[in-house]
Amino acid sequence: MSDFLEDQPLGFLLHRVAAALRGDVTATVLEPLGLTFPQYICLRMVSRRPGRSNAELARDTGVSPQAMNMVVRTLQERGLVDRPDTVASGRSLPAELTERGRDLLARTDTGVRAADRRLMTDLTEAQRREFKRILVALGSD
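Here the structure is a predicted model, which means the values were calculated and not measured.

Caption draft 1: View of the side chain of Thr108. Examined against the element boundaries, Thr108 turns out to sit in helix α6 (residues 99-119). By relative accessible area, which is 0% here, Thr108 ends up buried. Those residues in contact with Thr108, other than ones at most four positions away along the chain, are Val29, Leu30, Leu33, Leu35, Tyr40 and Arg44.

Caption draft 2: Quick peek at the pattern of salt bridges. In total, this model carries 8 salt bridges according to the counting rule given. A salt bridge links Arg52 to Glu56, with the nearest nitrogen and oxygen atoms 3.8 Å apart. Residue Glu56 is classed as partly exposed on the basis of its relative accessible area of 25%. Linking Arg129 and Glu125 is a salt bridge whose minimum nitrogen-to-oxygen distance equals 3.5 Å. With Arg129 and Glu125 both in helix α7 (residues 125-139) and 4 residues apart, this pair spans about one turn of that helix. Looking at Arg129, the relative accessible area reads 51%, which means it is exposed. Overlapping salt bridges bring together Arg52, Glu56 and Asp60 as one network.

Caption draft 3: Representation of the packing of aromatic side chains. The full count for this structure, using the stated rule, is 1 aromatic pair. A ring pair is formed by Phe37 and Tyr40, whose centres lie 6.1 Å apart and whose planes are at 50°; its orientation type is tilted. One end of the pair is Phe37 and the other is Tyr40, both in helix α3 (residues 37-48) and 3 residues apart, which spans about a single turn. In this structure Tyr40 comes out as buried when scored by relative accessible area, which is 7%.

Caption draft 4: Layout of the environment of Arg107. On the secondary structure map, Arg107 appears in helix α6. Expressed as a C-alpha distance, the spacing of Arg107 and Val29, which sit 78 residues apart in the sequence, is 8.9 Å.

Caption draft 5: Helix α5 (residues 65-77), seen in detail. Spanning 13 residues, α5 covers 18 Å between terminal C-alpha atoms, matching the ideal 18 Å at 1.5 Å per step. Along α5, the residues classified as buried are Met68, Val71, Val72 and Leu75. Buried residues in α5, looked at end-on, bunch into an arc of 90°, giving them a common side. Projecting away from the buried face of α5 at angles above 90 degrees are the exposed residues Gln66, Met70 and Glu77.

Caption draft 6: The arrangement of the nonpolar core in detail. Core analysis: the biggest nonpolar cluster contains 24 residues, and Cys42, Leu43 and Leu75 have the highest contact counts within it. Secondary structure elements with two or more residues in this core: α2 (10-33), α3, α4 (54-61), α5 and α6. The biggest single contributor to this core is α3, with 5 residues. Not counting residues within four places of it along the chain, the set of residues in contact with Cys42 comprises Leu57, Met68, Val71, Val72 and Leu75.

Caption draft 7: Seen up close, α3. With 12 residues, α3 extends 17 Å between its outermost C-alpha atoms, agreeing within 8% with the 16 Å of an ideal straight helix rising 1.5 Å per residue. Considered for burial, the residues of α3 that qualify are Phe37, Gln39, Tyr40, Cys42, Leu43 and Val46.

What counts, and at which threshold
- Residues numbered from 1 in each chain as written.
- Predicted model: local features only at pLDDT ≥ 70, side-chain atom pairs only at ≥ 80, totals over all residues.
- Heavy atoms only, no water.
- Helix = DSSP H or I, 4+ residues; strand = E, 2+ residues; numbered from the N terminus.
- Buried < 20%, exposed > 50% of the residue type's maximum accessible area, 1.4 Å probe, protein only.
- Contact = heavy atoms within 4.5 Å.
- Salt bridge = Lys/Arg side-chain N within 4 Å of Asp/Glu carboxyl O.
- Phe/Tyr/Trp six-rings, centres within 6.5 Å; stacked < 30°, edge-to-face > 60°.
- Expected span 1.5 Å × (residues − 1).
- Arc of directions from axis to C-beta.
- Core = buried A, V, L, I, M, F, W, Y, C linked by side-chain atoms within 4.5 Å.

The values are spatial; any link to function lies outside them.
Okay, structure coming up:
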C-alpha cells in the first residue's frame with residue numbers, strides 16, 4: 001500500500017472499504033435473496049435493537065426518515081419486519097423482525113462472512129481480528 005493512501009483521512013479510507021464490501025455483498029449475497037443493501041442494514045439493525053422507531057433507524061443509518069420509511073415499508077410488505085398499526089402513545093411504530101425476517105437475515109451470514117474474508121484476504125488472521133476490534137471500539141455506542 002502506498003504512503004498516499006495511508007496518509008488519507010479516515011473517512012475516505014472507511015468509505016473505500018465500505019464501498020468494496022458493499023459491492024461484493026450486494027452482488028453475491030443480497031441480490032440473489034431479493035434484498036438491497038439498505039434493507040440488509042435495516043434488518044441487521046432491527047435484529048440488534050428491536051423496537052426501534054423509523055426515526056431512530058434513520059438516525060442510526062444516516063438516511064432521511066422518508067428513505068428509511070420506504071425501506072421499512074418494503075420489508076414490512078415482504079413479511080420480514082412487523083410494526084403495530086397503532087401505539088398507545090406517540091406516533092412511533094416500533095419495528096421488530098418477524099420469524100421470516102430472522103430466517104432471511106441468518107441466510108445472509110455465510111455469504112457476508114465470505115465477502116469479509118475476500119476483502120481482508122491480504123491480512124493475517126491476527127490483523128483481521130485487530131481490525132474488527134478497532135472498528136467495534138470506534139463504532140460503539
